[in-house]
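Coordinate inspection notes
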Amino acid sequence: YRKALRLMKLAEKFNIPIVTLIDTPGAFPGLEAEERGQAEAIARNLYEMTLLKVPVICIIIGEGASGGALGIGIGDRVLMMENTWYSVISPESCSSILWHNWNFKEQAAEELKLDAKSMFDFKLIDGVIKEPLGGAHNNPEEMAKILKHEIKKHLIDLKDFTPKERIDNRIKKFSAMGFFEE
């Protein structure tokens, strides 16, 4: 996370837009990670990415789990490829917390509603990127073309905003996320 942030700050210095490609099972929750300040590094990225002056596009291209994904996932646009998932917790971890074993990971995944369509319906992401027939892995060249088109399209949309407008919009966007029912 510290290396990623250093590169993002460098891109900002030279006024280069930032694109993050997210495919992470999440941050490791062990003692060693905490001793090395992993939680602080993720929190620092959340704060700093909110304040970046250049356009930031985040794309979930595989797993998007927990703080591992959030630590590089604060942007003007957050997109998901259609066959990916995004959640604050992995289905395995959720299952182990609720049922004390991993045997219910499929049920946990269903309840978490972590698929791209659900994330879009909940207004947690800004768009779903269609994949080639059979999935991105079956046609990586076509998927690369689709991603290039999506990135260009969103950069064009973002170019007219001032840095202050981008920052204000990011803050509003992420502050408005979440809802609950009683």
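Now for a description of the structure that goes with this document. (Residues numbered from 1 in each chain as written. Predicted model: local features only at pLDDT ≥ 70, side-chain atom pairs only at ≥ 80, totals over all residues. Heavy atoms only, no water.)

With eight of ten residues buried, strand β2 (residues 56-65) is to be regarded as a mostly interior element. Sheet analysis places strand β1 (residues 18-24) next to β2, joined by six bridges and oriented parallel. What sits directly across from threonine 20, in β2, is cysteine 58. Of the strand pairs in this sheet, β2 and strand β3 (residues 77-81) are connected by four bridges, and their pairing is parallel. Each residue of the ladder has a partner; that of isoleucine 57, found in β3, is arginine 77. Inspection of the sheet shows β2 paired to strand β4 (residues 85-87) by three bridges, in the parallel sense. (Buried < 20%, exposed > 50% of the residue type's maximum accessible area, 1.4 Å probe, protein only. Helix = DSSP H or I, 4+ residues; strand = E, 2+ residues; numbered from the N terminus. Pairing = 2+ DSSP bridges.)

Relative orientation of the contacting elements helix α5 (residues 91-99) and helix α6 (residues 105-112) amounts to 105°, with a least axis distance of 8 Å. Between α5 and α6, the crossing angle belongs to the class labelled roughly perpendicular. Listed contacts from α6 to Pro91, Glu92, Cys94, Ser95 and Trp99 of α5 are Lys105, Gln107, Ala108, Ala109 and Leu112. For the contact of α5 with α6, a count of residues per class yields six nonpolar, two polar and two charged. (Axes fitted to C-alpha atoms, helices over the stretch in contact; angles between N-to-C directions. Parallel < 35°, antiparallel > 145°, perpendicular 65-115°, else oblique. Contact = heavy atoms within 4.5 Å. Nonpolar A, V, L, I, M, F, W, Y, C, P; charged D, E, K, R; others polar.)

Moving on to helix α9 (residues 163-175). Across its 13 residues, α9 extends 18 Å between first and last C-alpha, which sits within 8% of the 18 Å expected from 1.5 Å per residue. What α9 keeps buried is the set Arg166, Ile167, Arg170 and Lys173. End-on, the buried residues of α9 take up no more than an arc of 130°, which puts them together on one face. Residues of α9 that are exposed and point over 90 degrees away from its buried face: Lys164, Lys172 and Ser175. (Expected span 1.5 Å × (residues − 1). Arc of directions from axis to C-beta.)

Moving on: the packing of helix α1 (residues 2-13) against helix α3 (residues 38-50). It is at 9 Å that the axes of α1 and α3 come closest, and there the two elements cross at 20°. Between α1 and α3, the angle is such that the two are roughly parallel. Between α1 and α3 lies a crossing of left-handed hand. Listed contacts from α3 to Arg2, Leu5, Met8 and Lys9 of α1 are Glu40, Ala41, Arg44, Asn45, Glu48 and Met49. Broken down by class, the residue content of the contact of α1 with α3 amounts to four nonpolar, one polar and five charged. (Left-handed = near helix turned anticlockwise from the far one by under 90°.)

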